[in-house]
Amino acid sequence: MTESISSGKFITVEGIDGCGKTTQAEFIIETLVDLGKSAKIVREPGGDPISESIRKLLLHAEEAMSDRAEALLMIASRAQLTDKIVLPQIINGAWVVADRYADSTLAYQGGGRGLSVKSLNEINEFGTYTLKPDLTFFIDISVDVANSRMRVERDRIEKEGNDFQQRVRDQYMKLHESEPERVILINGEQSVEEVRAEIWNHIKEKFNL
Ligand SMILES: Nc1ncnc2c1ncn2[C@@H]1O[C@H](COP(=O)(O)OP(=O)(O)OP(=O)(O)O)[C@@H](O)[C@H]1O
Ligand SMILES: [Mg+2]
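About the thresholds
Residues numbered from 1 in each chain as written. Chains lettered and ligands numbered in written order. Predicted model: local features only at pLDDT ≥ 70, side-chain atom pairs only at ≥ 80, totals over all residues. Heavy atoms only, no water. Buried < 20%, exposed > 50% of the residue type's maximum accessible area, 1.4 Å probe, protein only. Helix = DSSP H or I, 4+ residues; strand = E, 2+ residues; numbered from the N terminus. Pairing = 2+ DSSP bridges. Salt bridge = Lys/Arg side-chain N within 4 Å of Asp/Glu carboxyl O.

Looking at the pairing of strand S4 (residues 135-140)
Thought 1: Of all the six residues making up S4, six are buried; the element is thus mostly covered by neighbouring parts of the structure.
Thought 2: With burial as the criterion, each face of S4 is covered, one bearing Leu 135, Phe 137 and Ile 139 and the other bearing Thr 136, Phe 138 and Asp 140.
Thought 3: Of the pairings in the sheet, the one linking strand S1 (residues 10-14) to S4 comprises four bridges and is parallel in character. From the neighbouring strand, Glu 14 faces S4, where its bridge partner is Phe 138.
Thought 4: Bridging between S4 and strand S5 (residues 183-187) involves five bridges; their strand directions are parallel.

Side note on the pattern of salt bridges
Thought 1: Applying the stated criterion across every chain, the model contains 14 salt bridges.
Thought 2: For Lys 118, the salt bridge goes to Glu 122, with nearest N and O atoms at 3.7 Å. Taken as a pair, Lys 118 and Glu 122 lie in helix H5 (residues 117-127) at a separation of four residues, close to a single helical turn. As far as burial versus exposure is concerned, Lys 118 and Glu 122 are alike and both exposed.
Thought 3: Residues joined by salt bridges that share partners form a network here, namely Asp 67, Glu 70, Arg 113, Arg 156 and Glu 160.

What follows is the structure, given as structure tokens:
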């Protein structure tokens, strides 16, 4: 089957808090736009008014939140973003770059909180309308380096501490090991420019740009 020339592509950027996801997602968009592509960045949790309301609840709730409620809210926010923004863009032939997506749930609620990765995979499949990224960058840095980069004001999940962040990092590594073709491991402790160049090389090669 030949691929339609107008079919959009979906790239996601993952990694622990402060690894450089937003910095690099913005670079990817900038480079794609320079090439004349229609490209849109989205962030998780969030991205449209309903998802942003869920984001506030998730990141700033004062009361103790059940781990499963957290997982389901994350996935609810993802379903909204996927249905209203990501899928329509891709169907229109645009490129979408997501600053976090389904792998974040496996890493944070699976690795971090200890919920069943198998169950989360199933709920993710439902919440993403079975959409899978064409390419995912796991930007990997140590928890110490992450701490040295993070801003002083932290949200509810960023406050979980070093052991939690380490479990999240370990789970991301497992995802890379189980799907090495899709989940590309990038050493995020290089300079911003080195990380940018490495990511772009992968994109160029994968999509023949
Ligand atoms: N390769 C790098 N080397 C040094 N500093 C970096 C690098 N990449 C990003 N930074 C800096 O680290 C901080 C965190 O980067 P950024 O906001 O892109 O990370 P993030 O993964 O999006 O974080 P969060 O999970 O909190 O959204 C920023 O101040 C950014 O300028
Ligand atoms: Mg960010």
